[in-house]
Amino acid sequence: MSLTVTVQLLDTPDAGEVFRAGAAHPVLGELIDLGTSAVLVVEPTTTVAAAVTDCCAALGPDVSLTRSAGPLPAGLRDDLATRSGKGAVFVVLPLSEAEALVVAAGPDLPSMGPLPSCDLERFRASLRTALGDPQEESLFTEPHFDTDQDEERRLNERLRQLYGD
């Protein structure tokens with residue numbers, strides 16, 4: 001896993017467009033396509049920017065936080081492609097005071113695609129995983145779904161009918 005993690009907190013009016021366009025976005029689409037994305041939801045008593053800043057600071061100097069505001073520059077695409085090829089990169093785009101699109105990619109991180117929303121603890125666990133300390137509840141672990149035993153049995157019976165034992 002990566003030894004350092006770069007977190008880019010981009011307060012941009014383009015965040016909603018990035019969220020809607022996803023992998024088709026001209027600047028961040030490639031990172032979204034190759035990485036893992038989720039909507040980070042923070043407690044209503046704080047803001048995304050404050051929560052992400054505090055989280056990164058608590059993890060120490062191996063997490064580098066860069067903040068910027070304004071429209072997404074076209075050169076950001078190449079910069080992120082270069083950085084994510086060398087180490088873990090997390091891009092955080094606030095969508096509102098309490099929600100942000102998080103996109104993570106890197107050579108040692110699995111590509112999980114778009115995921116359901118996550119909380120700050122799962123975001124923190126994802127940063128720790130990227131730092132080389134695997135966590136069970138990160139964005140990079142398969143989500144657990146309870147199975148319906150009756151549905152599973154019916155499906156198995158139907159497959160046996162179609163294909164035999």
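For the structure, check the block above.
Residues numbered from 1 in each chain as written. Predicted model: local features only at pLDDT ≥ 70, side-chain atom pairs only at ≥ 80, totals over all residues. Heavy atoms only, no water.

A. Geometry of the side chain of Thr 12. Tracing the chain through its elements places Thr 12 in the loop between strand S1 (5-11) and helix H1 (15-21). In this structure the side chain of Thr 12 is engaged in a polar contact, spanning 3.1 Å, whose partner is the backbone nitrogen of Asp 14. Side-chain polar atoms of Thr 12 contact the backbone oxygen of Gly 70, separated by 2.9 Å. (Helix = DSSP H or I, 4+ residues; strand = E, 2+ residues; numbered from the N terminus. Polar contact = N/O pair within 3.5 Å; in protein donor to acceptor, adjacent residues only side chain to side chain.)

B. Local environment of the sheet that holds strand S3 (residues 63-69). Sheet architecture is open: six strands sit in the order S3-S1-S4-S5-S2-S6, paired in mixed fashion. Both edges of this open sheet fall to S3 and strand S6 (113-114), since each of them pairs with a single strand only. In the sheet, strand S2 (residues 36-41) pairs with strand S5 (residues 99-105) via six bridges, with the strands oriented antiparallel. By the bridge assignment, Leu 40 is partnered in S5 with Ala 100. Running over the sheet, helix H3 (residues 48-58) touches S1, S2, S3, strand S4 (88-94) and S5 and is turned about 155° from S3. The sheet contacts of helix H5 (residues 120-130) involve S1, S2, S4 and S5, and relative to S4 the element is tilted by about 155°. (Pairing = 2+ DSSP bridges. Contact = heavy atoms within 4.5 Å. Axes fitted to C-alpha atoms, helices over the stretch in contact; angles between N-to-C directions.)

C. Molecular detail of the layout of surface pockets. Its boundaries defined by the atoms lining it, the largest pocket holds a volume of some 190 Å³. The set of elements that each furnish at least two residues to the lining of the largest pocket consists of helix H2 (29-34), helix H4 (76-86) and S5. Split into classes, the residues belonging to the lining of the largest pocket amount to 11 nonpolar, five polar and two charged. (1 Å grid on protein atoms, 1.4 Å probe; cavity = no way out; pocket = protein on both sides within 12 Å on 5 of 7 lines; lining within 4 Å. Points joined across faces, edges and corners; volume = space filled by probe spheres on them. Nonpolar A, V, L, I, M, F, W, Y, C, P; charged D, E, K, R; others polar.)

D. Quick look at the state of the cysteines. Under the criterion given, the structure shown has zero disulfides. Unpaired in terms of disulfides, Cys 56 finds its nearest cysteine sulfur in Cys 55, a separation of 5.5 Å. Unpaired in terms of disulfides, Cys 118 finds its nearest cysteine sulfur in Cys 55, a separation of 10 Å. (Disulfide = S-S within 2.5 Å.)

E. Spatial organisation of the packing of aromatic side chains. According to the stated counting rule, one finds two aromatic pairs in the structure shown. Residues Phe 90 and Phe 140 carry aromatic rings whose centres are separated by 6.2 Å and whose planes lie at 75° to one another, so their mutual orientation is edge-to-face. Here Phe 90 is found in strand S4, whereas its partner Phe 140 is found in the loop between H5 and helix H6 (149-163), with 50 residues between them in sequence. Using a relative accessible area of 0% as the deciding quantity, one classes Phe 90 as buried. Taken together, the ring pairs connect Phe 90, Phe 123 and Phe 140 into an aromatic cluster. (Phe/Tyr/Trp six-rings, centres within 6.5 Å; stacked < 30°, edge-to-face > 60°. Buried < 20%, exposed > 50% of the residue type's maximum accessible area, 1.4 Å probe, protein only.)

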